[in-house]
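For reference, the chains in residue letters:
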Amino acid sequence: MTPQQRLNALLELVSERGNVTIAEIGDALGISPATARRDLATLAEQRLITRTHGGASALGSGYELPLQYKIARQADAKTAIARAAAQLITPGETVGLNGGTTTTEVARTLGKSERFRRSEGEAGLTIVTNALNIGYELSVRSHVKIVVTGGVARRQSYELVGSLVAGTLSAFALDTVILGVDGLSAQYGATTLHEGEAEVSRHFGSVAKRTVVVADSTKLMKSTFARICRLDEIDVLVTDSPVPDSFAAELAAASVELVVAG
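To start, this report covers the structure provided alongside it. This one's a predicted model, so the numbers in the text were calculated from it and none came from an experiment.

Re the overall build of the chain
Stage number 1. What the chain contains, in helices and strands, is 9 helices and 15 strands.
Stage number 2. Here the chain has a C-alpha radius of gyration of 19 Å; the compact-globule value for 262 residues is 18 Å, and the two agree.
Stage number 3. A principal-axis box enclosing the C-alpha atoms of the chain has dimensions of 55 × 45 × 35 Å.
Stage number 4. A separation threshold of at least 6 residues defines the contact pool for the chain, and within that pool the share at least 24 residues apart is 65%.
Stage number 5. By element, 50% of the accessible surface of the chain is carried by carbon and sulfur atoms, the whole surface being about 12200 Å².
Stage number 6. Of the charged side chains in the chain, 26 are positive and 28 negative, and the gap between their average positions amounts to 5 Å.

What about the environment of Leu-231?
Stage number 1. Among the secondary structure elements, Leu-231 is positioned in the loop between strand E13 (226-229) and strand E14 (236-239).
Stage number 2. A sequence separation of 79 residues divides Leu-231 from Val-152, and the C-alpha atoms of the two residues are 28 Å apart.

A closer look at the nonpolar core
Stage number 1. Residues Leu-184, Phe-204, Ile-234 and Leu-237 are the most contacted members of the largest nonpolar core, which totals 30 residues.
Stage number 2. Contributions of two or more residues to this core are made by strand E8 (160-161), helix H7 (163-169), strand E9 (174-180), helix H8 (195-206), strand E12 (208-214), E13 and helix H9 (245-253).
Stage number 3. Contacts of Leu-237, omitting those with residues within four sequence positions, involve Leu-184, Val-213, Ala-215, Leu-220, Phe-247, Leu-251, Val-256, Glu-257, Leu-258 and Val-259.
Stage number 4. Ala-84, Val-95, Leu-97 and Ala-131 belong to the second-largest nonpolar core, a separate cluster that totals 26 residues.

A word on the pattern of salt bridges
Stage number 1. For the structure on display, the rule yields 9 salt bridges.
Stage number 2. Here Glu-105 makes a salt bridge to Arg-108, at a shortest N to O gap of 2.8 Å. With Glu-105 and Arg-108 both in helix H5 (residues 101-112) and 3 residues apart, the pair spans about one turn of that helix.
Stage number 3. Across the pair Glu-197 and Arg-154 runs a salt bridge whose closest N-O atoms are separated by 2.6 Å.

Comments concerning the sheet that holds strand E1 (residues 19-21)
Stage number 1. Read from one edge of the open sheet, 3 strands run E1-E3-E2, paired in antiparallel fashion. One side of each edge strand has no neighbouring strand; the edge strands of this open sheet are E1 and strand E2 (50-52). In this sheet, adjacent strand axes meet at a mean angle of 25° when their direction is disregarded.
Stage number 2. Relative to strand E3 (residues 55-57), E2 runs antiparallel, the two being bridged by 3 bridges. From the neighbouring strand, Thr-52 faces E3, where its bridge partner is Gly-55.
Stage number 3. Packed on one face of the sheet, helix H1 (residues 3-17) meets E1 and E3 and runs near 125° to E1.
Stage number 4. Its contacts with the sheet place helix H2 (residues 22-29) against E1 and E3, and it is angled at close to 85° to E1.

Criteria and cut-off values
Residues numbered from 1 in each chain as written. Predicted model: local features only at pLDDT ≥ 70, side-chain atom pairs only at ≥ 80, totals over all residues. Heavy atoms only, no water. Helix = DSSP H or I, 4+ residues; strand = E, 2+ residues; numbered from the N terminus. Rg over C-alpha atoms; globule rule 2.2 N^0.38 Å. Contact = heavy atoms within 4.5 Å. Areas by Shrake-Rupley, 256 points an atom, 1.4 Å probe, with all protein chains shown as cover. Lys, Arg positive; Asp, Glu negative; His and termini not counted. Charge placed at Lys NZ, Arg CZ, Asp CG, Glu CD. Core = buried A, V, L, I, M, F, W, Y, C linked by side-chain atoms within 4.5 Å. Buried < 20%, exposed > 50% of the residue type's maximum accessible area, 1.4 Å probe, protein only. Salt bridge = Lys/Arg side-chain N within 4 Å of Asp/Glu carboxyl O. Pairing = 2+ DSSP bridges. Axes fitted to C-alpha atoms, helices over the stretch in contact; angles between N-to-C directions.

Shown next as structure tokens:
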């Protein structure tokens, strides 16, 4: 385990349990008390946790992990989802992508795909995004025309939010928008943790002919703070494993096509 992976695992452990002791960290991660203390100090300096006597506590139940600490979570599932989502896109499409680890994997898969390569200097795919990291990564791909919206950057997710995003998107007509979410349920539809990001995702959906949600199984049948759209406003859900029959029936009732990544 690299130091970054260890910090990721430690931050996730604190976030999940709320409070942890040095001994619990050692048992869960297999590290020494000295290493645990050093790692806790590193996370506390970045204001990601609160140090306590003999351990640490999370900042709050609704706290959002910064993007760089989410990268390793459900990594294999997100890679599989990205491959399946990329197969839904045909050359020449204009595709919207919001931010997040799953949509970042989708962007990477699209960027590496030979299906979208045309003659030198001609783009085979146009991607519109409010995610700075996606824009940066795809800017070197000659076959991708990358358009980044305006807006105010959020440090946690690298996403641009605010009225400038809506102003940019209102000038476009997208073929497909691929949205990463933090929750998806029949009652509340697609949801996320931050209201500004939810608003941006709604704008993406309003200018797209087709809305695709990409979400691993840990996001399904749960809801988070800010609503993006109703379930029946989603055309396709791409996930990593079969869903319970009850949720499959709810998806079918809302006319949502279910794609399970192989």
